[in-house]
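Chains, contacts and geometry: an overview
So the chains spell out like this:
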Amino acid sequence: MAFLADALSRVKPSATIAVSQKARELKAKGRDVIGLGAGEPDFDTPDNVKQAAIDAINRGETKYTPVSGIPELRKAIAAKFKRENGLDYDWQQTIVGTGGKQILFNAFMATLNPGDEVVIPAPYWVSYPEMVALCGGTPVAISTSQENDFKLTAEELESAITPKTKWFIFNSPSNPTGAAYSAAELKALTDVLLKHPHVWILTDDMYEHLTFGDFKFATPVEVEPKLYDRTLTMNGVSKAYAMTGWRIGYAAGPLPLIKAMDMIQGQQTSGASSIAQWAAVEALNGPQDFVAKNKAIFEGRRDLVVSMLNQATGIVCPKPEGAFYVYPSCAGLIGKTAPSGKVIETDEDFVSELLESEGVAVVHGSAFGLGPNFRISYATSEELLEEACKRIQRFCAACR
């Protein structure tokens, strides 16, 4: 009898976490490494949010909370959905988890049976298919194209749906590509979903507040209210509010699903950190002016990175609408020989040689389900980004 569960054979470790760990290990050995693997803002949590946490500690808000979250936070979440997305949810239709990952995992655990399919546009966040597999479902990846800005078309979605499809996962702006769907582009997808009433929609809006220029964010139920009764809308405070370590994700959806997720969470972790929840109340209800300031900084970094990468031999880097990632193609380097003498046969070879040769840590695109590409997180200073891009240019020029 095997000791470890069979489910572990169906999943892989997180590539983004692995890259960050590798960069830390090399730094500890004295290597000059620029880590561009982690999807984490380099900004500090706003002072008013930190103060709210301190105040909560001083008030003694240090006990267990209800499984689905404190009422104050759940009401703030419902108010946020109404204020920013035009969505009407009773606060009891909301749930708070320990980060967005737990929200997603709970939803899959509560709904998936063996044989159930989950449609996932590729490239995708590395955890989507692994969560589906761990919960007994079957991930079904649909490849998008760089020519279409990595956006799924209505025809591609239609072709992937079968009688076994239970969920469609949607992420805009996207991790890893930064691609964001306009309301019109979303409407084409929701029109398809209306024709398949057995398919539920799980929309990951974590990068909602990070869109650039005059792009206007939209979420599926906002575009097509008829999908309200089969959509779970997930978000969190990690990215826009620079609160990654606080570990607060949240969602709103149909009450029966929320109750099922509550039951799963009640046997898993129970409520999220009480202190972090009070901080999140202030994040959602408090001043929002810093969001626009941080977004402007991210936009400048995006423009810098896109410009410099497109000057690198063999690299083609699209200009994304949001998030803080770029997803350039390294197809022009495949088949070439790196300075070490190794032939670059895959995008994984490319990022490995780049790290060893120039000390720049990025994530290979095949980990996100589509290559030959790589993901760069530009959530770091312009100084470091400029230096990293110079190193990438130098590495590419040295490949023969």
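About the cut-offs
Residues numbered from 1 in each chain as written. Predicted model: local features only at pLDDT ≥ 70, side-chain atom pairs only at ≥ 80, totals over all residues. Heavy atoms only, no water. Salt bridge = Lys/Arg side-chain N within 4 Å of Asp/Glu carboxyl O. Helix = DSSP H or I, 4+ residues; strand = E, 2+ residues; numbered from the N terminus. Buried < 20%, exposed > 50% of the residue type's maximum accessible area, 1.4 Å probe, protein only. Pairing = 2+ DSSP bridges. Axes fitted to C-alpha atoms, helices over the stretch in contact; angles between N-to-C directions. Contact = heavy atoms within 4.5 Å. Parallel < 35°, antiparallel > 145°, perpendicular 65-115°, else oblique. Nonpolar A, V, L, I, M, F, W, Y, C, P; charged D, E, K, R; others polar.

**Quick word on the pattern of salt bridges**
- The final tally for this structure, using the stated rule, is 24 salt bridges.
- For glutamate 208, the salt bridge is made with lysine 80, and the minimal N-O distance between the two is 2.9 Å. Placement of glutamate 208 in the loop between strand 6 (200-204) and helix 8 (220-223) and of lysine 80 in helix 3 (residues 71-85) is noted, with a sequence separation of 128 residues between them. You'll find glutamate 208 and lysine 80 in the same group, each marked buried.
- When the shortest N-O distance is used, the salt bridge between glutamate 299 and arginine 302 registers 3.7 Å. Here arginine 302 and glutamate 299 lie together in helix 11 (residues 289-309), a separation of three residues that amounts to about one turn.
- Residue class for arginine 302 comes out buried when judged on its relative accessible area of 7%.
- Through salt bridges with shared partners, a single ionic network connects Lys80, Arg83, Glu84 and Glu208.

**Remarks on the sheet that holds strand 8 (residues 249-252)**
- Pairing is mixed in the open sheet, where seven strands are placed in the order 2-8-7-6-5-3-4. The strands lining the two open edges of the sheet, one partner per strand, are strand 2 (94-97) and strand 4 (138-143). When strand polarity is set aside, the average angle formed by the axes of neighbouring strands in this sheet is 20 degrees.
- Here four bridges tie strand 7 (residues 231-236) to strand 8, and the two strands are oriented antiparallel to one another. Across the sheet, the residue bridging to threonine 233 is alanine 252, located in strand 8.
- Lying on the sheet, helix 3 is in contact with strand 2, strand 7 and strand 8; it crosses strand 2 at an angle near 120 degrees.

**Section: the packing of helix 12 (residues 347-358) against helix 13 (residues 382-398)**
- Where helix 12 contacts helix 13, the axes come no closer than 10 Å and their chain directions differ by 110 degrees. With respect to their mutual orientation, helix 12 and helix 13 come out roughly perpendicular. Seen from helix 12, the contacting residues are Phe350, Glu353, Leu354, Ser357 and Glu358; seen from helix 13, they are Arg391, Ile392, Arg394, Phe395 and Cys396.
- Tallied by class, the residues present in the contact of helix 12 with helix 13 amount to five nonpolar, one polar and four charged.

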